[in-house]
Amino acid sequence: VSVAGSYYLTFWDVPAILHVTADTLSLTNQVTGLPATAKPKLIAMHPMANVAYVVLGGETDAVQVVNLDTLTFSNAVPVDRIPAAGPESGCFSPNGDLFYVLCTAASNVVAFTCASPLDPAPETNINLQVVGAPAAMVFLSGNRAYVGSTNAGRGLSIITNYLSLP
(Lines give C-alpha, C1' and ligand atoms only; values in the text may rest on other atoms or scores of the structure.)
Protein backbone atom coordinates (compact mmCIF):
# COMPACT_ATOMS: atom_id res chain seq x y z
CA VAL A 1 0.00 0.00 0.00
CA SER A 2 1.36 3.44 -0.90
CA VAL A 3 0.95 6.45 1.40
CA ALA A 4 2.62 9.87 1.13
CA GLY A 5 6.01 8.79 -0.19
CA SER A 6 6.06 5.46 1.61
CA TYR A 7 5.11 1.89 0.89
CA TYR A 8 3.86 -0.50 3.54
CA LEU A 9 4.33 -4.15 2.66
CA THR A 10 3.38 -7.43 4.19
CA PHE A 11 4.28 -10.97 3.19
CA TRP A 12 2.64 -14.27 4.06
CA ASP A 13 5.78 -15.71 5.67
CA VAL A 14 7.04 -12.56 7.45
CA PRO A 15 5.24 -11.66 10.71
CA ALA A 16 5.97 -7.93 10.34
CA ILE A 17 5.00 -4.84 8.35
CA LEU A 18 7.81 -3.41 6.23
CA HIS A 19 8.14 0.35 5.64
CA VAL A 20 9.90 1.29 2.39
CA THR A 21 10.56 4.83 1.17
CA ALA A 22 9.27 5.57 -2.31
CA ASP A 23 12.22 7.69 -3.45
CA THR A 24 15.01 5.19 -2.70
CA LEU A 25 12.96 1.98 -2.46
CA SER A 26 14.93 1.06 0.63
CA LEU A 27 13.69 -0.59 3.80
CA THR A 28 13.59 2.09 6.49
CA ASN A 29 11.68 0.42 9.28
CA GLN A 30 9.73 -2.64 10.35
CA VAL A 31 6.75 -2.96 12.61
CA THR A 32 7.39 -6.20 14.45
CA GLY A 33 5.61 -8.08 17.17
CA LEU A 34 3.04 -10.16 15.33
CA PRO A 35 2.59 -13.67 16.71
CA ALA A 36 5.01 -16.08 15.01
CA THR A 37 2.05 -18.11 13.73
CA ALA A 38 0.35 -15.07 12.16
CA LYS A 39 0.16 -15.09 8.39
CA PRO A 40 -0.38 -11.51 7.13
CA LYS A 41 -2.70 -11.64 4.14
CA LEU A 42 -3.48 -8.01 3.34
CA ILE A 43 -2.79 -4.49 4.53
CA ALA A 44 -5.45 -1.79 4.02
CA MET A 45 -5.17 1.93 4.72
CA HIS A 46 -7.96 3.70 6.60
CA PRO A 47 -9.32 6.41 4.27
CA MET A 48 -9.52 9.11 6.97
CA ALA A 49 -6.82 8.27 9.55
CA ASN A 50 -3.11 7.40 9.50
CA VAL A 51 -3.94 3.83 10.43
CA ALA A 52 -3.67 0.51 8.61
CA TYR A 53 -5.44 -2.78 9.23
CA VAL A 54 -3.72 -6.09 8.54
CA VAL A 55 -5.82 -9.18 7.93
CA LEU A 56 -4.09 -12.11 9.65
CA GLY A 57 -4.65 -15.73 8.74
CA GLY A 58 -2.85 -18.83 9.88
CA GLU A 59 -3.64 -19.73 13.47
CA THR A 60 -4.41 -16.10 14.32
CA ASP A 61 -7.57 -15.16 12.33
CA ALA A 62 -7.65 -11.50 13.39
CA VAL A 63 -7.50 -7.91 12.21
CA GLN A 64 -4.34 -6.22 13.50
CA VAL A 65 -4.30 -2.42 13.80
CA VAL A 66 -1.11 -0.51 12.88
CA ASN A 67 -0.62 3.08 14.04
CA LEU A 68 1.35 4.62 11.16
CA ASP A 69 2.25 7.74 13.18
CA THR A 70 4.27 5.65 15.63
CA LEU A 71 4.84 2.54 13.46
CA THR A 72 3.53 0.33 16.24
CA PHE A 73 0.85 -2.30 16.50
CA SER A 74 -2.24 -1.32 18.41
CA ASN A 75 -5.14 -3.71 18.91
CA ALA A 76 -5.70 -7.12 17.37
CA VAL A 77 -9.37 -7.94 17.02
CA PRO A 78 -10.19 -11.63 16.52
CA VAL A 79 -12.41 -12.79 13.69
CA ASP A 80 -13.89 -15.36 16.06
CA ARG A 81 -17.61 -15.15 15.39
CA ILE A 82 -17.15 -17.83 12.75
CA PRO A 83 -15.29 -21.06 13.50
CA ALA A 84 -12.45 -21.52 10.99
CA ALA A 85 -13.37 -18.28 9.23
CA GLY A 86 -10.26 -18.14 7.09
CA PRO A 87 -9.98 -14.36 6.70
CA GLU A 88 -8.32 -13.70 3.36
CA SER A 89 -8.88 -10.07 2.48
CA GLY A 90 -10.53 -6.89 3.65
CA CYS A 91 -11.40 -3.33 2.75
CA PHE A 92 -12.76 -0.15 4.26
CA SER A 93 -16.08 1.34 3.28
CA PRO A 94 -15.44 4.59 1.36
CA ASN A 95 -16.18 6.74 4.44
CA GLY A 96 -14.06 4.55 6.75
CA ASP A 97 -16.94 3.73 9.11
CA LEU A 98 -16.73 -0.02 8.49
CA PHE A 99 -13.96 -2.51 7.72
CA TYR A 100 -15.22 -5.57 5.86
CA VAL A 101 -13.34 -8.88 6.22
CA LEU A 102 -13.76 -11.50 3.52
CA CYS A 103 -13.66 -15.00 5.01
CA THR A 104 -12.94 -17.60 2.35
CA ALA A 105 -13.36 -20.74 4.46
CA ALA A 106 -16.77 -19.64 5.75
CA SER A 107 -17.99 -18.05 2.46
CA ASN A 108 -19.05 -14.87 4.18
CA VAL A 109 -18.20 -11.24 4.89
CA VAL A 110 -18.08 -9.82 8.40
CA ALA A 111 -17.53 -6.22 9.48
CA PHE A 112 -15.91 -4.10 12.16
CA THR A 113 -17.02 -0.61 13.12
CA CYS A 114 -14.29 2.01 12.95
CA ALA A 115 -15.70 4.97 14.91
CA SER A 116 -12.30 4.99 16.61
CA PRO A 117 -9.88 3.78 13.90
CA LEU A 118 -7.30 2.56 16.45
CA ASP A 119 -9.93 0.52 18.25
CA PRO A 120 -12.25 -1.33 15.82
CA ALA A 121 -15.12 -3.35 17.22
CA PRO A 122 -16.93 -6.32 15.71
CA GLU A 123 -20.24 -5.33 14.12
CA THR A 124 -22.17 -8.39 15.25
CA ASN A 125 -25.17 -7.68 13.02
CA ILE A 126 -23.14 -8.01 9.80
CA ASN A 127 -22.46 -11.58 8.74
CA LEU A 128 -23.21 -11.77 5.02
CA GLN A 129 -23.24 -15.10 3.21
CA VAL A 130 -21.75 -14.87 -0.29
CA VAL A 131 -21.28 -17.23 -3.22
CA GLY A 132 -18.04 -19.26 -3.10
CA ALA A 133 -14.86 -18.09 -1.40
CA PRO A 134 -14.84 -14.26 -1.31
CA ALA A 135 -11.59 -12.82 -2.64
CA ALA A 136 -12.19 -9.16 -3.46
CA MET A 137 -14.71 -6.42 -2.69
CA VAL A 138 -15.27 -3.13 -4.47
CA PHE A 139 -17.61 -0.24 -3.68
CA LEU A 140 -19.53 1.55 -6.41
CA SER A 141 -21.85 4.52 -6.56
CA GLY A 142 -25.44 4.00 -5.58
CA ASN A 143 -24.50 2.46 -2.21
CA ARG A 144 -23.61 -0.88 -3.81
CA ALA A 145 -20.71 -3.23 -3.20
CA TYR A 146 -19.64 -6.24 -5.22
CA VAL A 147 -17.88 -9.29 -3.79
CA GLY A 148 -16.02 -11.49 -6.27
CA SER A 149 -15.49 -15.11 -5.30
CA THR A 150 -13.13 -17.86 -6.40
CA ASN A 151 -12.86 -21.64 -6.17
CA ALA A 152 -15.71 -24.01 -7.01
CA GLY A 153 -18.40 -21.46 -6.16
CA ARG A 154 -17.06 -18.69 -8.41
CA GLY A 155 -19.52 -15.88 -8.58
CA LEU A 156 -20.41 -12.31 -7.87
CA SER A 157 -22.42 -11.25 -4.83
CA ILE A 158 -24.03 -7.82 -4.72
CA ILE A 159 -24.51 -5.97 -1.44
CA THR A 160 -26.94 -3.08 -1.58
CA ASN A 161 -27.26 -0.28 0.94
CA TYR A 162 -23.89 -1.11 2.56
CA LEU A 163 -23.70 2.27 4.33
CA SER A 164 -26.76 1.62 6.45
CA LEU A 165 -26.18 -2.03 7.29
CA PRO A 166 -27.41 -3.84 9.21
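Here, the structure is the one placed above.
All values derive from a computational prediction rather than experimental measurement.

## Details of the sheet that holds strand 13 (residues 133-140)
Then comes step 1: Ordered by their spatial adjacency, three strands build an open sheet running 13-14-15, and the pairing between neighbours is antiparallel. The outermost strands of the open sheet, each flanked by one partner alone, are strand 13 and strand 15 (155-160). Within the sheet, the average angular offset between the axes of one strand and its neighbour, ignoring direction, is 25°.
Then comes step 2: Where strand 14 (residues 144-150) and strand 15 come together, six bridges link them in antiparallel fashion. Along strand 15, the bridge assignment pairs Gly 148 with Leu 156.

## Looking at the nonpolar core
Then comes step 1: Core analysis: the largest hydrophobic core is formed by 17 residues, its most contacted members being Tyr 53, Val 63, Val 79, Phe 99, Val 101, Cys 103 and Phe 112.
Then comes step 2: Counting only elements with at least two residues in this core, the list comes to strand 6 (51-58), strand 7 (62-67), strand 10 (98-103) and strand 11 (108-113).
Then comes step 3: Apart from residues no more than four positions distant in its own chain, Val 63 is found in contact with Tyr 53, Val 54, Asn 75, Ala 76, Val 77, Val 79, Phe 99, Val 101 and Phe 112.
Then comes step 4: Counting 14 residues, the second-largest nonpolar core is a separate cluster that includes Tyr 8, Ala 38, Val 66 and Leu 68.

## Here we look at unusual backbone geometry
Then comes step 1: Notably, Asp 61 is not glycine yet its phi reads approximately 45°, a positive angle.
Then comes step 2: By secondary structure assignment, the location of Asp 61 is in the loop between strand 6 and strand 7.
Then comes step 3: The phi angle at Asn 143 is positive, at roughly 60°, despite the residue not being glycine.
Then comes step 4: Mapped onto the fold, Asn 143 is located in the loop between strand 13 and strand 14.

## Quick word on the pattern of salt bridges
Then comes step 1: Throughout the structure, instances matching the rule amount to one salt bridge.
Then comes step 2: For Lys 41, the salt bridge is made with Glu 88, and the minimal N-O distance between the two is 2.7 Å. Of this pair, Lys 41 sits in strand 5 (residues 38-45) while Glu 88 sits in strand 9 (residues 87-92), placing them 47 residues apart in sequence.
Then comes step 3: The class for Lys 41 is partly exposed, based on a relative accessible area of 26%.
Then comes step 4: With a relative accessible area of 31%, Glu 88 lands in the partly exposed category.

## Description of a nonpolar patch on the surface
Then comes step 1: Together, Tyr 7, Leu 9, Phe 11 and Leu 25 make up a nonpolar patch on the protein surface, roughly 360 Å² of accessible area in all.
Then comes step 2: Residue position: Leu 9 is located in strand 2 (residues 6-11).

## Considering the environment of Cys 91
Then comes step 1: Looking at the element boundaries, Cys 91 is found in strand 9.
Then comes step 2: Separated by 73 residues in the primary sequence, Cys 91 and Leu 18 place their C-alpha atoms 20 Å from one another.

## Things to note about the packing of aromatic side chains
Then comes step 1: Per the stated rule, a full pass over the model turns up four aromatic pairs.
Then comes step 2: Summarising the aromatic geometry, the rings of Tyr 53 and Phe 92 are spaced 4.7 Å apart at their centres and angled 55° between planes, so their arrangement reads as tilted. Taken as a pair, Tyr 53 in strand 6 and Phe 92 in strand 9 lie far apart in primary sequence, 39 residues in all.
Then comes step 3: Classification of Tyr 53 by relative accessible area gives buried; the value is 0%.
Then comes step 4: Residues Phe 92 and Phe 99 carry aromatic rings whose centres are separated by 4.7 Å and whose planes lie at 55° to one another, so their mutual orientation is tilted.
Then comes step 5: Following the ring pairs from residue to residue traces out a cluster consisting of Tyr 53, Phe 92 and Phe 99.

Conventions we followed
- Residues numbered from 1 in each chain as written.
- Predicted model: local features only at pLDDT ≥ 70, side-chain atom pairs only at ≥ 80, totals over all residues.
- Heavy atoms only, no water.
- Pairing = 2+ DSSP bridges.
- Helix = DSSP H or I, 4+ residues; strand = E, 2+ residues; numbered from the N terminus.
- Axes fitted to C-alpha atoms, helices over the stretch in contact; angles between N-to-C directions.
- Core = buried A, V, L, I, M, F, W, Y, C linked by side-chain atoms within 4.5 Å.
- Buried < 20%, exposed > 50% of the residue type's maximum accessible area, 1.4 Å probe, protein only.
- Contact = heavy atoms within 4.5 Å.
- Salt bridge = Lys/Arg side-chain N within 4 Å of Asp/Glu carboxyl O.
- Patch = residues over 30% accessible without salt bridge, like charges linked within 9 Å, V, L, I, M, F, W, Y side chains within 5 Å.
- Areas by Shrake-Rupley, 256 points an atom, 1.4 Å probe, with all protein chains shown as cover.
- Phe/Tyr/Trp six-rings, centres within 6.5 Å; stacked < 30°, edge-to-face > 60°.

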